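# Results of the structural survey
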Amino acid sequence: MEKIILGIDPGTMVMGFGLIEVKNNKIKLITLDELLLHKLPNQQTKLKRIFEKTLAIIDQYHPDELAIEAQFFGVNVQSMLKLGRAQGVCIAACLHRDMPVVEYAPKKVKMAITGNGNASKEQVAGMLQHLLGLKEIPKRLDATDGLAVAVCHYLNSNKTAGTSSSYSSWDAFVKNNPNRRK
């Protein structure tokens with residue numbers, strides 16, 4: 001099966017995204033980047049730019065699916081609302097192009113990539129560098145966060161129904177995931 005997965009880490013200051021190609025059950029990096037929004041004058045302009053950029057990515061790379069990071073529940077309600085709007089705009093752009101959308105909680109993404117739901121952004125980026133053979137990690141880690149969501153979706157969509165993803169140790173994780181190490 002061959003497909004392209006778009007992963008997005010939504011945000012109103014920086015939106016990270018990555019695309020992977022899945023071919024013969026192997027993943028290959030297509031691109032990763034970020035959309036910088038901090039210089040835009042207001043929320044409406046940022047949301048419009050997110051929508052336009054998401055459509056442009058879809059039109060350029062023709063992904064088959066979107067995997068997007070779900071918002072986490074924090075203390076700051078205003079930040080959550082802004083993040084939810086950014087996420088909604090990304091989802092709307094994909095739905096506008098008839099693309100399926102899947103959401104993943106941040107802890108689930110970290111768990112899929114590193115085996116630790118509390119991993120740091122640096123740990124996630126390092127594991128992606130290892131898994132995909134990235135020459136370097138971007139300065140800002142929003143791009144690798146977007147890429148991580150795409151890889152998480154690939155890993156989760158490859159699981160057979162009824163399998164458990166709970167491991168008793170790091171050795172058990174490595175033994176059950178030989179494709180995740182070199």
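Residues numbered from 1 in each chain as written. Predicted model: local features only at pLDDT ≥ 70, side-chain atom pairs only at ≥ 80, totals over all residues. Heavy atoms only, no water.

To keep it simple, the criterion reads: UniProt positions are given in the numbering used here, feature names are shortened, and annotations may be inferred rather than shown by experiment.
Looking at an unreviewed UniProt entry, the protein chain carries the name Crossover junction endodeoxyribonuclease RuvC, with the source organism given as Empedobacter tilapiae. In its Sequence similarities (unreviewed entry) section, UniProt records this for the protein chain: "Belongs to the RuvC family."

### A few points about the UniProt feature "active site" (unreviewed entry) in the protein chain
The condition that has to hold: Helix and strand assignments come from DSSP, with helices taken as H or I runs of at least 4 residues and strands as E runs of at least 2, each series counted from the N terminus. Whether a residue is buried, partly exposed or exposed follows from its accessible area with a 1.4 Å probe, protein chains only, as a fraction of its type maximum: under 20%, in between, or over 50%, in that order. Note on contacts: a residue pair is in contact if any heavy atoms of the two residues lie within 4.5 Å.
This chain's UniProt record puts "active site" (unreviewed entry) on Asp-9, Glu-69 and Asp-142. Maximum C-alpha separation among the annotated residues is 11.3 Å over a sequence range of 134 residues, consistent with a single clustered spot. By the secondary structure assignment, Asp-9 is in strand S1 (residues 2–9). Taking relative accessible area as the criterion, Asp-9 reaches 8% and is therefore assigned buried. Those residues in contact with Asp-9 that sit more than four places away from it in its chain are Val-14, Met-15, Gly-16, Glu-69, Lys-121, Asp-142, Asp-145 and Gly-146. With respect to the helices and strands, the residue Asp-142 is situated in helix H5 (residues 142–157). On the basis of relative accessibility, which here comes to 17%, the residue Asp-142 falls in the buried class.

### Here's the deal with the pattern of salt bridges
Which entries qualify depends on this criterion: Between Lys or Arg on one side and Asp or Glu on the other, a salt bridge is scored when a side-chain nitrogen of the former is within 4 Å of a carboxyl oxygen of the latter.
Scanning all chains against the criterion turns up 6 salt bridges. In this structure, Arg-140 engages Glu-34 in a salt bridge whose closest nitrogen and oxygen atoms are separated by 3.2 Å. Highlighted residues: Arg-140 in the loop between helix H4 (121–132) and H5 and Glu-34 in strand S3 (residues 26–36), separated in sequence by 106 residues. On the accessibility criterion, Arg-140 (35% relative accessible area) is partly exposed.

### Section: the sheet that holds strand S4 (residues 65–69)
Filter applied, for reference: Any two strands between which DSSP finds at least two bridges are classified as paired. To get an axis, fit a line to the C-alpha atoms, keeping to the stretch in contact for a helix; angles then go from 0 to 180 degrees between the N-to-C directions.
If you walk across this open sheet you meet the 5 strands as S3-S2-S1-S4-S5, and the pairing is mixed. Among the strands making up the open sheet, the edge pair consists of S3 and strand S5 (101–104). The average angle at which neighbouring strand axes cross in this sheet is 20°, direction not considered. Examined bridge by bridge, S1 and S4 share 4 bridges and lie parallel to one another. Looking at S4, one finds that Gly-7 is bridged to Ala-67. Strand contacts of helix H2 (residues 77–96): S1, strand S2 (14–23), S4 and S5, with the helix running at about 175° to S4, the strand carrying the most contacts.

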